[in-house]
Structures are given as C-alpha cells and as structure tokens.
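# Geometric and topological summary
One-letter residues, chain by chain:
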Amino acid sequence: MSTAEAIAGTTPEGAATPALAVEGVSHSFGKRRALDEVSFTVAAGEFAVLLGQNGAGKTTLFSLVTRLYDNRSGAIRIFGHEVRRRPSEALARIGVVFQQRTLDLDLSVTQNLLYHAALHGMPRAEARARGSAELARLDLAERARDKVRQLSGGQLRRVEIARALLHEPKLLLLDEPTVGLDIGSRQSLLNHVRGLVREQNLGILWATHLIDEVAEDDRVILLHQGKVLANDRAEAVVRQSGTADLKAAFTALTGAGGTGGEGQERAP
Amino acid sequence: MTAVQYLRCLRGIVWREALRFLHQRERFVAALVRPLVWLFIFAAGFRAVLGLSIMPPYETYVLYEVYITPGLIAMIQLFNGMQSSLSMVYDREMGNMRTLLISPLPRWYLLSCKLLAGVCVSLLQVYVFLLIAWSWGIDAPLLGYLTVLPALVLSGLMLGALGMLLSSFIKQLENFAGIMNFVIFPMFFASSALYPLWRMRESSLLLYQICSFNPFTHAVELIRFALYGEVNLLALAVVAGCTLLFMGLAIYGYDPGRGMMARRRGAPA
C-alpha cells in the first residue's frame, strides 16, 4: 500500500490506492493455463469492463479475487489488502454479483438480504434499514416480502446488486450480470451501476462478452485466452488499434477474424 | 472482526438453516417416518426373535424397542449429516455456497457455523422422535432426556463433519447416490444400533471387530449411556476424536489454497 501511494502519491489520504490491483497473476487448472501474467488496476470511481469471450478466464479471475481459491502466483490487492494474506480486510470491502444466480429461491427477498448481512456481521436493525434503502433505490420495495422464486430474471439481478451493496463495499464486482436479461433490463441494470460510480465513487469491475455494454470513457481490460491484450480507455483502445470501433479493435487484437457479424453486438 | 460479529454470523447461518428446514416439510416428515417405521414395525417383529440379556446401561431386561431407540436416534443424525452434505454439494453447484464463502469471516468458522446449524436441525428431529416414542410407552428416565443433549450435540457434530468431509470430495451431485450405499447402510448395519455387539461376536469375529471400530457404534453407545445419565468414556473419546479429525479434514478440503475448490475446475469433465 505504501509503495503504491509513494508511486502515485499525489492525492491525499491514500486515495491513490487502487480499489483493485491485479499484479502478475497466473493460474492453471492442471495443464491448462487459465490466466497468464494478468495485471491491471481499477481505481475508485472507475467503471472498468473486463471484456472477453466465454472461456477467456473472466470467471477464474473472479474466483481468485473473491478467494474461492487462491492464486498461485502474483498478487491481488483490494485497497491495498492482499486477498491471500488478509482475506478478511479484502473481502469486507467488496460486493460481488456472480454469474450464477446465488439467491436462496425459497426465502423471501428480505430474508436473503438479512442472511448476507449476518455473514458480514452486521446488526439486524442496520441490515433491515440498509436493505430497504437499497431495494427502494432499485424499485423493489414492494417485492421485499415475496419469495425470490416469484421474481423475474431482471428483478433477481437487481436483488443481487442490492445484496452486494448491503455492507457498503467500495468495490463492486459483477460477472456477466446481464446474461439472460432482455434489452430493457440490461440497460436499466447498466444505468444503475453507472449511477453508483457517479454518486458513491464505487470502483466497478464489470465482466462481459457484450461489446455494446462498453462506453467510451470506460476502462477496457481485454482478456483473451488468459492474457490481457489491451488495458486502456475504450476510445484509446480503438485509436491504438487503428480501427473504426471497439468491435473491430476486438477482432483485430484477438485475431478472431472471419465472423463477419455486421450488426452483431457480441464479441466475435 | 469482533466477537459480536462472529456471533451475528453464527445466528444468521443457524436462522437460515432453520428457515430452509421449515420450508421443506416433506424433509421433516421423511426424517421422522424412517426411524418410526423401524421402531414400530421392524422392532415389533424382531422383539420375539432377538433375546437380550441384561447389559449396561440397562438395569433390567428391556424391550427390543427400547434397545434400538438410541440407534435410531443416531440414524436420524446420520441421515441429517448426509443430507446437509448433499445440500452443500447442491449449494456449490447452484452457486449459493459462494454467498457463504465471500463472507469476510474465516472459512473454518463459516464451516463450523454451518455444521452447528445442521446439528440444531437434527436435535429438533431427535426430540420429536423421542416424544412420539415416549407417547408409545418407549421411554427413558426423565432426567435422561436432558443428559442426552450434550451427547446428541457431539454425535451430531461428528456425523455432520463426516458429511461435510464427503461433500468436499464429491465433485457432482450424481455421485451422491453412492453415499447411501457406501456410507449410510454399512455404517448403520455394522454397528451396535440394531444388535448388541456380543451377539455379533457369536456369529463372526471379524464383523465384530469391524463393528467395534465403526465410529457410528460409538455414537450410538454414547447416546445410549447418556440417555440413562451415564457417560461411556470410550465412546466419548472416540466420538470426540473422530469429530476433530473429520472437521479438520473437511476444513482442509474447503481450504482455498489446497482443497477441492482449486482442483475442481481442472478435473477432467
């Protein structure tokens, strides 16, 4: 933390410490190398898109950052706390929305939130208050007592976001949060999360394979076969690759040619 | 993290387990019907076949139903432990497990809470079973219902830890059917749950030895003696030792640096 501050060291109170710093992380499953010397940072108040096709290593990276299992090489720091050495400090500062749905279908929305709050050691009254506030913000206040099973796909995702924000994390990780959602729900989810960046200065790592979810100002971390091929603002990535748009840049960088795919929004 | 936060976490995990249990009434009924069938049908039929001599902790001749009650209690806990492990494998496949594991509290603590929550559920099942048995005239000394409680907690922990250990090695849900055949049945039948071990020795010395090494036998004996206000020291030592061993291995299995979590994705599909 101190080194990072010393290097960046222009802003006071350690504000320069990145929300998330991934430093030279590699990971293998047996012989297959899922991540190869991956390095990037996400600053507080930054919307970073981890862009890559299915199987690029996005979920593996999420598993390492959330310490489902440990990275074997390199380091992952959350506001300066290394995940492997100080998991408690690191995990307390992140909120996570996993690709899989992780809500308890047989419990109500509120019960799910209270369970999560308890796992973070939050007092019950505070958890109730925070839960209602987050649900209201996501237009879900009237569904609080309903069983999760009765919610639509978009509503499930919104509940998961409310849950991830319950303990007031400073970094929010979302793994393919829009998978399976219709266009309207996708857009409102994106808008909500972008709003969080503006209003609460949250750092966001948004993993997706959908290029049209990237805005010009976003940081794009292009992950392909476990390697980071680009890591810059979206418009800079496009400029450096000498192409017309991000989709063309993606194709040029990954060499995933021959898809044609006019009007397609997916990464080829 | 403060002690209060640890307690809130424990309360939250137990509370969720209780809620889930209440939502699955069929599971509760199934958990009760199984031992009741053994008690009311099997035991009634066998009463005449199997002669029992006076043996501790019993001070007089007892009915066969009375003899197998502790074994059936342990069976409830055995099934409950395996069921929790089934739900852990399910949670892992469905992703719910991740909710638990991203808690900032240490993983060994989270797993211990989960175990304790499972034991609480099994206690509820056991006491309802005892109540039904009691109303049928199959009873123990009144104080025994209290002194059996610590024994139940310990045996519940051992069997729950065994389930958790198995769950850390099972890769997929389908493999679980094997648990039934290869864990529950052998453990139950090769124990003192249904027949005293001296009976077993008469028919096969080898089987007798297997039974006396079976940790489930010791869980049954621990419960049997505790129900009569006595402590079986050997059983206590074996059950406590096995609990520590199984828990240690289960925590190892779920360790982010070593266990199955890291290997899982790499395993050939």
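Before reading on, note that the structure itself is shown above.
Residues numbered from 1 in each chain as written. Chains lettered and ligands numbered in written order. Predicted model: local features only at pLDDT ≥ 70, side-chain atom pairs only at ≥ 80, totals over all residues. Heavy atoms only, no water.

## A closer look at the side chain of Glu82 of chain A
Residue and element names in this part refer to chain A. Selection criterion: Counting from the N terminus, the helices are DSSP H or I runs at least four residues long and the strands are E runs at least two residues long. Partly exposed residues are those whose accessible area sits between 20% and 50% of the maximum for their type, while under 20% is buried and over 50% is exposed, using a 1.4 Å probe and protein chains only. Two N or O atoms count as a polar contact when they lie within 3.5 Å, although within protein this holds only if one can serve as hydrogen donor and the other as acceptor, and sequence-adjacent residues are included solely when both atoms are side-chain atoms.
With respect to the helices and strands, Glu82 occurs in strand β5 (residues 81-82). Given a relative accessible area of 8%, Glu82 falls into the buried group. Within the local environment of Glu82, its side chain forms a polar contact with the side chain of Arg85, the two groups lying 3.1 Å apart.

## Quick word on the interface of chain B and chain A
What counts is decided by this rule: In this description, contact between two residues means that some pair of their heavy atoms is separated by no more than 4.5 Å. Buried area: the accessible area, evaluated with a 1.4 Å probe, that two parts lose upon being put together, summed over both parts. By salt bridge we mean one thing: a side-chain nitrogen of Lys or Arg within 4 Å of a carboxyl oxygen of Asp or Glu. Here the term charged refers only to Asp, Glu, Lys and Arg, the term nonpolar to Ala, Val, Leu, Ile, Met, Phe, Trp, Tyr, Cys and Pro, and the term polar to all other amino acids, Gly among them.
Chain B puts 32 residues into the contact, and the matching count from chain A is 36 residues. Interface of chain B and chain A: buried area, both sides summed, is about 3300 Å²; carbon and sulfur atoms make up 57% of it. On the surface where chain B and chain A come into contact, there are 2 salt bridges. Linking chain B with chain A are 9 residue pairs in polar contact (both at pLDDT 80 or more), by the criterion used here. Mapped by element, the contributors of at least two residues to the side of chain B that touches chain A are α1 (3-23), α3 (64-94), α4 (96-101), α5 (107-135) and α12 (260-264) of chain B. No other element matches α1 of chain B, which puts 11 residues into the side of chain B that touches chain A. Grouping the amino acids of the side of chain B that touches chain A by side-chain chemistry returns 15 nonpolar, 9 polar and 8 charged.

## Here's the deal with the side chain of Asp36 of chain A
Counting through the fold element by element, Asp36 of chain A comes out in strand β2 (residues 32-42). Leave out the neighbours within four places in its chain, and Asp36 of chain A touches Val25, Ser26, Gly226 and Lys227 of chain A.

## As for the sheet that holds strand β6 (residues 94-97) of chain A
All names here are of chain A. Definition in use: Any two strands with at least two DSSP bridges between them are considered paired. Angles here are taken between N-to-C directions and fall from 0 to 180 degrees, while the axes themselves are lines fitted to C-alpha atoms, restricted in helices to the stretch in contact.
Spatially, 6 strands are ordered β6-β7-β8-β3-β9-β10 in an open sheet, and the strand pairing comes out mixed. On the outer flanks of this sheet lie β6 and β10 (227-233), each paired with one strand and no other. Adjacent strand axes in the sheet meet at a mean angle of 15°, parallel and antiparallel pairs treated alike. Inspection of the sheet shows strand β9 (residues 219-224) paired to β10 by 6 bridges, in the antiparallel sense. Its bridge partner lying in β10, Arg219 is registered against Arg233.

## Structural notes on the sheet that holds β5 of chain A
Residue and element names in this part refer to chain A. Here 4 strands make up an open sheet; going across it, the order is β2-β1-β4-β5 and the pairing antiparallel. The two strands at the open ends of the sheet, each matched to only one other strand, are β2 and β5. Pairing of strand β1 (residues 20-29) with β2 involves 7 bridges; the strand directions are antiparallel. The residue of β2 that forms the bridge with Val22 is Phe40. The sheet contacts of helix α2 (residues 58-65) involve β1, β2 and β4 (73-78), and relative to β1 the element is tilted by about 115°.

## Some remarks on unusual backbone geometry
Here the residue pair Pro56 of chain B and Pro57 of chain B is connected by a cis peptide bond, since its omega of 5° sits within 30 degrees of zero. Looking at the element boundaries, Pro57 of chain B is found in the loop between α2 (25-46) and α3. Here the phi dihedral of Asp139 of chain A falls at roughly 60°; this positive angle occurs in a residue that is not glycine. On the secondary structure map, Asp139 of chain A appears in the loop between α5 (124-137) and α6 (153-165). Given the relative accessible area of 57%, Asp139 of chain A is considered exposed. The phi dihedral of Gln225 of chain A falls on the positive side, at around 45°, and the residue is not glycine. Taking relative accessible area as the criterion, Gln225 of chain A reaches 60% and is therefore assigned exposed.

## Focus on the packing of helix α10 (residues 215-227) of chain B against helix α11 (residues 233-253) of chain B
How two helices sit against one another is set out by the angle between their axes and by the gap between those axes. All names here are of chain B. Formally: Roughly parallel means an angle under 35 degrees; roughly antiparallel means over 145; roughly perpendicular covers 65 to 115; every other angle is labelled oblique. In this scheme the crossing of two helices becomes right-handed for a clockwise turn of the near helix relative to the far one and left-handed for an anticlockwise turn of less than a right angle.
Look at α10 against α11: their axes get within 8 Å of each other, and the N-to-C directions meet at 130°. Judged by the inter-axis angle, α10 sits oblique to α11. In this structure, α10 meets α11 at a crossing whose hand is left-handed. When α10 is examined against α11, the residues Pro215, His218, Ala219, Glu221 and Leu222 are found in contact with a partner set consisting of Leu234, Ala235, Leu236, Val238, Val239, Cys242 and Phe246.

## With respect to helix α6 (residues 144-169) of chain B
Residues and elements named next belong to chain B. What counts, and what does not: Expected helix span is given by 1.5 Å per residue-to-residue step, counting one fewer step than there are residues. Think of it this way: the bend at a residue is just the angle between two axes, each fitted to seven residues, one set ending at that residue and the other starting at it.
Between its first and last C-alpha, α6 extends 37 Å over 26 residues, near the 38 Å set by a 1.5 Å rise per residue. When the local axis directions of α6 are compared, the greatest deviation, roughly 30°, occurs at Pro150. Counting buried residues along α6, 19 of its 26 residues qualify, which places the element largely inside the surrounding structure.

## A short note on a nonpolar patch on the surface
Filter applied, for reference: Patches were defined on residues exceeding 30% relative accessible area and lacking a salt bridge, with like-charge contacts within 9 Å and nonpolar side-chain contacts (Val, Leu, Ile, Met, Phe, Trp, Tyr) within 5 Å. Only the protein chains shown count as cover for residues, and the accessible areas themselves come from Shrake-Rupley with a 1.4 Å probe.
A surface patch of nonpolar side chains, about 340 Å² in accessible area, is lined by Val29, Val33, Val37 and Ile41 of chain B. Of note, Ile41 of chain B is situated in helix α2.

## Focus on the pattern of salt bridges
Opposite charge on two side chains permits pairing when their charged atoms draw close. All names here are of chain A. Enumeration over the complete set of coordinates arrives at 28 salt bridges over all chains. Ionic pairing is found between Arg130 and Glu168, a salt bridge with its closest N-O pair at 3.9 Å. Here Arg130, found in helix α5, pairs with Glu168, found in the loop between α6 and β7 (171-175); they are 38 residues apart in sequence, far enough to count as distant. Note that Arg157 and Glu160 form a salt bridge whose closest N and O atoms lie 2.4 Å from each other. Placement of both Arg157 and Glu160 in helix α6 is noted, with a separation of 3 residues, approximately one turn of the helix. Each member of the pair, Arg157 together with Glu160, is buried.

## Focus on the nonpolar core
Inclusion rule: Among buried residues, those of type Ala, Val, Leu, Ile, Met, Phe, Trp, Tyr and Cys that are joined through side-chain atoms within 4.5 Å constitute a nonpolar core.
Judged by nonpolar contacts, the single largest core of 115 residues is most densely connected at Leu20, Phe40, Ile78, Leu173 and Leu205 of chain A together with Ile13 and Phe216 of chain B. A per-element tally of this core places α3 of chain B first, with 14 residues. Not counting the four nearest positions on each side in its chain, Phe216 of chain B is found in contact with Gly71, Ala74, Met75, Leu78, Met158, Leu159, Met187, Phe188, Ser191 and Ala193 of chain B. Ranked by size, the runner-up nonpolar core spans 29 residues in total, among them Val197, Ile211, Val214 and Val238 of chain A.

## With respect to the packing of aromatic side chains
Residues and elements named next belong to chain B. Convention followed: Paired rings are identified among Phe, Tyr and Trp, the last through its six-membered ring, by centres lying within 6.5 Å, and are further divided according to the angle between planes into stacked (under 30 degrees), edge-to-face (over 60) and tilted (the rest).
Summed over the entire model, instances satisfying the criterion amount to 17 aromatic pairs over all chains. Arranged with centres 6.2 Å apart and planes meeting at 35°, the rings of Phe46 and Tyr64 form a pair that is tilted. Residue Phe46 is located in helix α2, and its partner Tyr64 is located in helix α3; the two are separated by 18 residues in the primary sequence. For Phe46, a relative accessible area of 32% gives the class partly exposed. Taking the relative accessible area as the measure of exposure, Tyr64 reaches 2% and is therefore buried. Taken together, Trp38, Phe42, Phe46, Tyr58, Tyr64, Tyr67, Phe185, Phe188, Phe189, Phe216 and Tyr228 form an aromatic cluster joined through their ring pairs.

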